[in-house]
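Listed below, chain by chain, are the residues.
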Amino acid sequence: MRSLIIANWKCNPSTFKEAKILFNSLKKRLKKIRNVEVVICPPFVYLSSSKFQVLSFKLGAQDVFWEERGAFTGEISSKMLKDLGVEYIILGHSERRQILKETDEMINKKIKATLNNKLKSILCIGETEEERKEGKTFEILKNQIEKALSNLQTYKLRNLIIAYEPIWAIGSGKPCQVNEAMTAALFIKKLISHLYNQKIGRSIRILYGGSVNSLNASNYIREAKMDGLLIGGVSLNSKEFVKIIKQLN
Ligand code: 13P
């Protein structure tokens, strides 16, 4: 299967002009990429500007609301995103969990809404530095997965992707060891097999995210056998980001 490389631009760049430059640069550099699935997740406000120029990559959003429409000031629904050509939604990112106090219950509702709308959900999970030191990593991952997927029908998991993003590795320049990422991915697959069935456990795509760069990226794919990467900081530099993709193409 092709590797899935996802750019999470987070709250960047700060102007439409810069976003357009980045989109155009990616479009040009990614023209000949065939063997890697590339997804760009810009802030909501830049999604529509890219709608008609997306050929070399797919579009994703960084969050969504669980209702389809109505009196929910400030929110954006799966249906609206789908209408803009969005195919992927990042959910439960640790920055949203920590800064915006997003709960497992909210994440569960969002996952259900996106999967019901046939969008691909990328569920982010990961432990803090403290939890890791206390040996609680697997307990945390298990808890996050069980709560996020609570009461979710088996067939809907076809469109679910799980991103292991240890919080201590995000934006810290301290990436997770390749063997640690591999152990986490195996743990997740086993848990999904146990919660659902082996077929789903085996086929569910697991990504790694946290201080990925062009020097370490291919190790996660080739050695740790991750199905893809979720990239923050480096994805804002089109040259570096495309360098990673070319290594995997
Ligand atoms: P960095 O690649 O900047 O560490 O961010 C990872 C991340 O949070 C992607 O969602």
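The rules behind each value
- Residues numbered from 1 in each chain as written.
- Predicted model: local features only at pLDDT ≥ 70, side-chain atom pairs only at ≥ 80, totals over all residues.
- Heavy atoms only, no water.
- UniProt positions renumbered as here; feature names shortened; annotations may be inferred.
- Helix = DSSP H or I, 4+ residues; strand = E, 2+ residues; numbered from the N terminus.
- Rg over C-alpha atoms; globule rule 2.2 N^0.38 Å.
- Buried < 20%, exposed > 50% of the residue type's maximum accessible area, 1.4 Å probe, protein only.
- Areas by Shrake-Rupley, 256 points an atom, 1.4 Å probe, with all protein chains shown as cover.
- Lys, Arg positive; Asp, Glu negative; His and termini not counted.
- Charge placed at Lys NZ, Arg CZ, Asp CG, Glu CD.
- Core = buried A, V, L, I, M, F, W, Y, C linked by side-chain atoms within 4.5 Å.
- Contact = heavy atoms within 4.5 Å.
- Axes fitted to C-alpha atoms, helices over the stretch in contact; angles between N-to-C directions.
- Parallel < 35°, antiparallel > 145°, perpendicular 65-115°, else oblique.
- Nonpolar A, V, L, I, M, F, W, Y, C, P; charged D, E, K, R; others polar.
- Near = heavy atom within 4 Å.
- Polar contact = N/O pair within 3.5 Å; in protein donor to acceptor, adjacent residues only side chain to side chain.
- Phe/Tyr/Trp six-rings, centres within 6.5 Å; stacked < 30°, edge-to-face > 60°.

- Taking an unreviewed UniProt entry as the reference, the protein is identified by name as Triosephosphate isomerase belonging to bacterium.
- Regarding the protein, the relevant UniProt record gives this comment under Catalytic activity (unreviewed entry): "D-glyceraldehyde 3-phosphate = dihydroxyacetone phosphate".
- The Subcellular location (unreviewed entry) field of the UniProt record for the protein holds the comment "Cytoplasm".

1. Some words on the overall build of the protein
Point 1. Looking only at helices and strands, the protein has 11 helices and eight strands in total.
Point 2. For the protein, the C-alpha radius of gyration of 17 Å lies close to 18 Å, the compact-globule estimate for 249 residues.
Point 3. Based on the C-alpha atoms only, the size of the protein along its principal axes is roughly 45 × 45 × 35 Å.
Point 4. Across the 249 residues that make up the protein, the buried fraction comes to 51%.
Point 5. A total accessible area of about 12400 Å² is found for the protein, and carbon and sulfur atoms account for 52% of it.
Point 6. One finds the centroid of the 41 positive side-chain charges in the protein at a distance of 10 Å from the centroid of its 24 negative side-chain charges.

2. Overview of the nonpolar core
Point 1. In this structure, I111, L149, I192, Y208 and L229 are the most contacted members of the largest nonpolar core, which totals 66 residues.
Point 2. Among all residues touching Y208, those that are not within four sequence positions of it are Y164, P166, A169, P175, C176, A181, Y220, M226, G228, L229 and L230.
Point 3. Residues I6, V39, Y88 and A163 belong to the second largest nonpolar core, which totals 12 residues.

3. A word on the packing of helix α5 (residues 104-116) against helix α7 (residues 137-148)
Point 1. Two elements in contact, α5 and α7, have axes separated by 8 Å at closest approach and are oriented at 50°. Accordingly, the angle class assigned to the pair α5 and α7 is oblique. Every residue of α7 that contacts α5 at D104, I107, N108 and I111 is listed here: Q144, K147 and A148.
Point 2. Here the residues of the contact of α5 with α7 are counted per class, giving three nonpolar, two polar and two charged.

4. Focus: the site of the ligand
Point 1. Close contacts around the ligand come from 13 residues, with K10, H93, G171, S211 and G233 the closest.
Point 2. Within the side chain of K10, an N or O atom sits 2.8 Å from an oxygen atom of the ligand.
Point 3. Compared with its free state, where it exposes 310 Å², the ligand has 95% of that area covered by protein.
Point 4. Residues belonging to the shell around the ligand are distributed by class as follows: four nonpolar, seven polar and two charged.

5. Comments concerning the side chain of S3
Point 1. Considering the arrangement of structural elements, one finds S3 in strand β1 (residues 3-8).
Point 2. Using a relative accessible area of 10% as the deciding quantity, one classes S3 as buried.
Point 3. Ignoring sequence-local partners within four residues, the contact set of S3 consists of N35, V36, E37, I221 and D227.

6. What about the packing of aromatic side chains?
Point 1. Summed over the entire model, instances satisfying the criterion amount to seven aromatic pairs.
Point 2. Look at W9 and F23: their rings are 5.0 Å apart centre to centre, the planes differ by 40°, and that puts the pair in the tilted class. Residue W9 is located in the loop between β1 and α1 (16-29), and its partner F23 is located in helix α1; the two are separated by 14 residues in the primary sequence.
Point 3. Taking the relative accessible area as the measure of exposure, W9 reaches 0% and is therefore buried.
Point 4. A relative accessible area of 1% means that F23 is categorised as buried.

7. What to know about the UniProt feature "binding site: substrate" (unreviewed entry) in the protein
Point 1. Within this numbering scheme, the UniProt entry marks N8, W9, K10, G171, S211, G232 and G233 as carrying the feature "binding site: substrate" (unreviewed entry). Taken together, the annotated residues stretch across 226 residues yet fold into one region, lying no more than 14.1 Å apart by C-alpha.
Point 2. Note that G171 resides in the loop between β6 (160-164) and α8 (178-195).
Point 3. The exposure class of G171 is exposed, given its relative accessible area of 75%.
Point 4. In this structure, G233 sits in the loop between β8 (228-231) and α11 (238-248).
Point 5. On the accessibility criterion, G233 (60% relative accessible area) is exposed.

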